[in-house]
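If you want the building blocks of each chain, they are given just below.
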Amino acid sequence: VGEPSVRDKSRFLLEKSLLTGMETLGVDPKDTRAQDFCSIFAWNLEETVNEKYHISSVSMSNEYRDKIRSLRFNLQDPKNPMLCARVLAGNLSIQELISASTEALASNELKQMRRQVVEESIKNVVLSADSAKLVQPTDGISTELGLKTSIGKPTMVKTRSPAIAHSAKLGEKFV
């Protein structure tokens, strides 16, 4: 007849993700009861996501697409079988599932990796107002820099050396 709608594609992809998650848990994805369960659950899940994130009848919102994408990834993630197990066992309701942030849905391994990235970012701060050493001026020129650290917080550093000002603007590390 026609091309499947975005919602139909979303339901199909959610169903496929649930079946993949079930397979990771040891359930045969060819079992018709498992397929029926995943189909109904995917339908209900997509319906709830649509109610929460769909804004107009013309096109899907980015929030709808992002949430569907996030759910698909996390439900079929072989490193996160407990999420799918909790969902399929009814220990995590559809409402709780779609209200959870991407970070909350992530596997423990991914959460740990994200924590390490944040810790590394904090350690690699280019300059801070407390730790920057000021070079004694030789030419009497004072330059104020508005720098962003690797975690995105602006830091103002005042130096009287154009060489340091130039280096800092290029992102060189020095403390």
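About the cut-offs
- Residues numbered from 1 in each chain as written.
- Predicted model: local features only at pLDDT ≥ 70, side-chain atom pairs only at ≥ 80, totals over all residues.
- Heavy atoms only, no water.
- Axes fitted to C-alpha atoms, helices over the stretch in contact; angles between N-to-C directions.
- Helix = DSSP H or I, 4+ residues; strand = E, 2+ residues; numbered from the N terminus.
- Parallel < 35°, antiparallel > 145°, perpendicular 65-115°, else oblique.
- Left-handed = near helix turned anticlockwise from the far one by under 90°.
- Contact = heavy atoms within 4.5 Å.
- Phe/Tyr/Trp six-rings, centres within 6.5 Å; stacked < 30°, edge-to-face > 60°.
- Buried < 20%, exposed > 50% of the residue type's maximum accessible area, 1.4 Å probe, protein only.
- Lys NZ or Arg CZ within 6 Å of the ring centre and 35° of its normal.
- pLDDT = per-residue confidence, 0-100.

**Structural notes on the packing of helix H2 (residues 32-53) against helix H3 (residues 62-76)**
At their nearest, the axes of H2 and H3 sit 9 Å apart, and the two run at 150° to each other. Taken together, H2 and H3 sit at an angle that is classed as roughly antiparallel. Considering the relative orientation of H2 and H3, their crossing is right-handed. When H2 is examined against H3, the residues Leu45, Glu46, Val49, Asn50 and Tyr53 are found in contact with a partner set consisting of Glu63, Tyr64, Lys67, Ile68, Leu71 and Leu75.

**Looking at the packing of aromatic side chains**
Applying the stated criterion across every chain yields a total of one aromatic pair. Relative to Phe41, the ring of Phe37 has its centre 6.0 Å away and its plane inclined at 25°; by these criteria the two rings are stacked. Pair noted here: Phe37 and Phe41 are both in helix H2, with a separation of four residues, about one helical turn. Residue Phe41 is classed as buried on the basis of its relative accessible area of 12%. The ring of Trp43 has Arg11 lying over it, and the distance from NZ or CZ to the ring centre is 3.6 Å.

**Observations regarding the confidence of the model for the protein**
Here the protein shows a mean pLDDT of 75. Residues at 70 or above account for 67%. For the stretch residues 139-150, pLDDT sits under 50, and the model shows 40 contacts to residues farther than four places along the chain or on other chains. Counted against residues more than four places away or in other chains, residues 155-175, with its pLDDT under 50, gives 57 contacts.

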